[in-house]
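# A structural walkthrough
One letter stands for each residue in the lines below.
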Amino acid sequence: MTASPSMALLEAGEPAAAVAENTGADSPFVLVCDHAGNAVPRRLARLGLPDAAFDAHIAQDIGALDLARRVGEALGACVIHQTWSRLVIDCNRAPDHPQSIVTEADGWTVTGNIGLTAAGADARRRAVFDPYHARIAAELDDRQARGLPTLLVCVHSFTPRMAGFDRPWHVGVLHLGDSPASTALLEALRREPGLVVGDNEPYAMDGTDYTAPFHSRRGGIDAVELELRQDLLQDRASAGHLADLLIRQLPGVAP
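Residues numbered from 1 in each chain as written. Predicted model: local features only at pLDDT ≥ 70, side-chain atom pairs only at ≥ 80, totals over all residues. Heavy atoms only, no water.

### Thoughts on unusual backbone geometry
Cut-off, in case you're wondering: Elements are defined by DSSP. Helices are runs of H or I of four residues or more, strands are runs of E of two residues or more, and each kind is numbered from the N terminus.
Backbone torsion omega between Glu 201 and Pro 202 reads 5 degrees, so that peptide bond is classified as cis. Tracing the sequence through the fold places Pro 202 in the loop between β10 (197-199) and α4 (211-219). A positive phi is found at Arg 46, a non-glycine position, where the angle reads about 60 degrees. Inspection of the secondary structure puts Arg 46 in the loop between β2 (29-33) and α1 (64-75). Here the phi dihedral of Leu 47 falls at roughly 60 degrees; this positive angle occurs in a residue that is not glycine.

### Looking at the sheet that holds β10
Put simply, the rule is: DSSP bridges decide pairing: two strands pair if at least two such bridges lie between them. Under this scheme, a helix contributes an axis fitted over its contacting stretch, all axes are lines through C-alpha atoms, and angles between N-to-C directions fall in the 0 to 180 degree range. Any two residues whose heavy atoms approach within 4.5 Å at even a single point are treated as in contact.
Strand order in the open sheet formed by 7 strands is β1-β3-β2-β6-β11-β9-β10, and the pairing between neighbours is mixed. Only two strands of the sheet have a single neighbouring strand rather than two, namely β1 (18-21) and β10. This sheet shows a mean twist of 20 degrees between the axes of neighbouring strands, independent of strand direction. Both β1 and strand β3 (residues 78-82) contribute to a ladder of 4 bridges, which runs antiparallel. Following the sheet pairing, Ala 18 is matched in β3 by Gln 82. Helix-sheet contacts for helix α2 (residues 118-145) involve β1, β2 and β3, and the interaxial angle to β3 is about 170 degrees.

### Digging into the environment of Gln 249
Test applied: Under the rule applied, a polar contact is a pair of N or O atoms within 3.5 Å (in protein, one hydrogen donor and one hydrogen acceptor; residues adjacent in sequence only if both atoms are side-chain atoms).
Assignment of secondary structure puts Gln 249 in helix α6 (residues 236-249). Residues Gln 249 and Ala 184 lie 65 residues apart in sequence; the distance between their C-alpha atoms is 9.7 Å. Setting aside residues up to four positions removed in sequence, Gln 249 forms contacts with Leu 185, Ala 188, Leu 189 and Glu 192. Polar contacts involving the side chain of Gln 249 include one to the side chain of Glu 192, which spans 2.7 Å.

### Considerations on the packing of aromatic side chains
Which entries qualify depends on this criterion: Between the rings of Phe, Tyr and Trp (Trp by its six-membered ring), a pair exists once the centres lie within 6.5 Å; its type follows the angle of the planes, with under 30 degrees stacked, over 60 edge-to-face, and the other angles tilted. By the criterion adopted, a ring carries a charge over it if an Arg CZ or a Lys NZ lies within 6 Å of its centre and within 35 degrees of its normal.
Inspection of the entire model under this criterion finds 3 aromatic pairs. Taking 4.9 Å as the distance between ring centres and 15 degrees as the angle between the ring planes, the aromatic pair formed by Tyr 210 and Phe 214 counts as stacked. Aromatic ring contacts, followed pair by pair, group Phe 129, Tyr 210 and Phe 214 into a single cluster. Over the ring of Phe 54 we find Arg 46, and its NZ or CZ is 4.1 Å from the ring centre.

### Concerning the layout of surface pockets
Condition: Definitions used throughout: a 1 Å grid over protein atoms alone; a cavity as a set of points that fits a 1.4 Å probe which cannot get out; a pocket as an open set with protein on both sides within 12 Å along at least five of seven lines; a lining residue as one with an atom within 4 Å of a point. Grid points are joined across faces, edges and corners, and a volume is the space filled by probe spheres set on the points. Note on residue categories: nonpolar means Ala, Val, Leu, Ile, Met, Phe, Trp, Tyr, Cys or Pro, charged means Asp, Glu, Lys or Arg, and polar means any other residue, Gly included.
Of the pockets and cavities examined, the largest pocket occupies roughly 600 Å³. It is strand β6 (residues 151-158) that contributes the most residues to the lining of the largest pocket, 3 residues altogether. Lining the second largest pocket are Gly 63, Asp 66, Leu 67, Arg 70, Leu 233, Gln 234, Arg 236, Ala 239, Gly 240 and Ala 243. For the lining of the second largest pocket, the secondary structure elements donating two or more residues are α1, α5 (230-234) and α6. With 4 residues, α6 is the largest single contributor of residues to the lining of the second largest pocket. Looking at the lining of the second largest pocket residue by residue, the class counts come to 4 nonpolar, 3 polar and 3 charged.

### Some words on the environment of Pro 251
So the rule is basically this: Each residue gets one of three labels from its accessible area relative to the maximum for its type: buried under 20%, exposed over 50%, partly exposed in between, using a 1.4 Å probe on protein chains only.
With respect to the helices and strands, Pro 251 occurs in the segment after α6. The exposure class of Pro 251 is partly exposed, given its relative accessible area of 41%. Sequence separation between Pro 251 and Asp 55 is 196 residues; the distance between their C-alpha atoms is 33 Å. Pro 251 has contacts with Phe 29, Leu 75 and Leu 246, leaving out every residue within four places of it along the chain.

### Regarding the pairing of β2
Our working rule: Classification remark: right-handed applies to a crossover when, strands pointing away from the viewer, the course from the first strand over the helix to the second runs clockwise.
Counting buried residues in β2 gives 5 out of 5 residues, a clear majority hidden from the surface. Residue alternation in β2 divides its side chains into two sets, Phe 29, Leu 31 and Cys 33 and Val 30 and Val 32, and both sets are buried. Bridge count for β2 against β6 is 4 bridges, and the pairing is parallel. The partner of Phe 29 across the bridge, within β6, is Leu 151. Summarising the sheet, β2 and β3 pair through 4 bridges and their orientation is parallel. Note that in β3 the partner of Cys 33 across the bridge is His 81. Crossover β2 to β3 through α1 is right-handed.

Any functional reading would require information beyond the geometric quantities listed.
Spelled out as structure tokens, the structure:
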């Protein structure tokens, strides 16, 4: 089911799109998770998918929020994350991008997105995409008004296997154009023994991503986009190792 143009997508009592934790912090870092949640508004009837789909990587970035929270707590940083599944609308894609609202995702057919009208897509943008990015912008604007140096850190995770290919990277640093923090972090991570680091791998920031380039350009700040392999985030020991690694390395690239 898709909300009509006159009907709000979210019903009374449903959560807001954006959750901000430790707002107003003075830490130089603001961490964001575009794909933290896997919820679906009641009006969308689970998009025609079984519950199992929402436990998979197609619906959320598995382990990313837990990692961001751990890093944020250790560094005293604000953490902002999305409530709703990326299958409702992807908050790391421009609303006019072909992958903003997908009908196919790694072998799953998202029937609730097939035949979506322009009005239906706009309702999702207004309910989910816009308030999420408005909340990030508000935090960054507040920091700018207080004269605080800021590094935006976008935290994502990736499935260890895609399209029959086993991805070897433990962590990837995605960047576009001049990003001193990304360059410095890449160099620092590559010095870590046994760590396989991707430079714009497993994805390249080639104009597809929205959050990092939009907010960094808008606010005149640097941004780092991190991709961490999901199997490493599901194992308690390795997830702790990756969190500790970022807690140790991020201060060295702070503005």
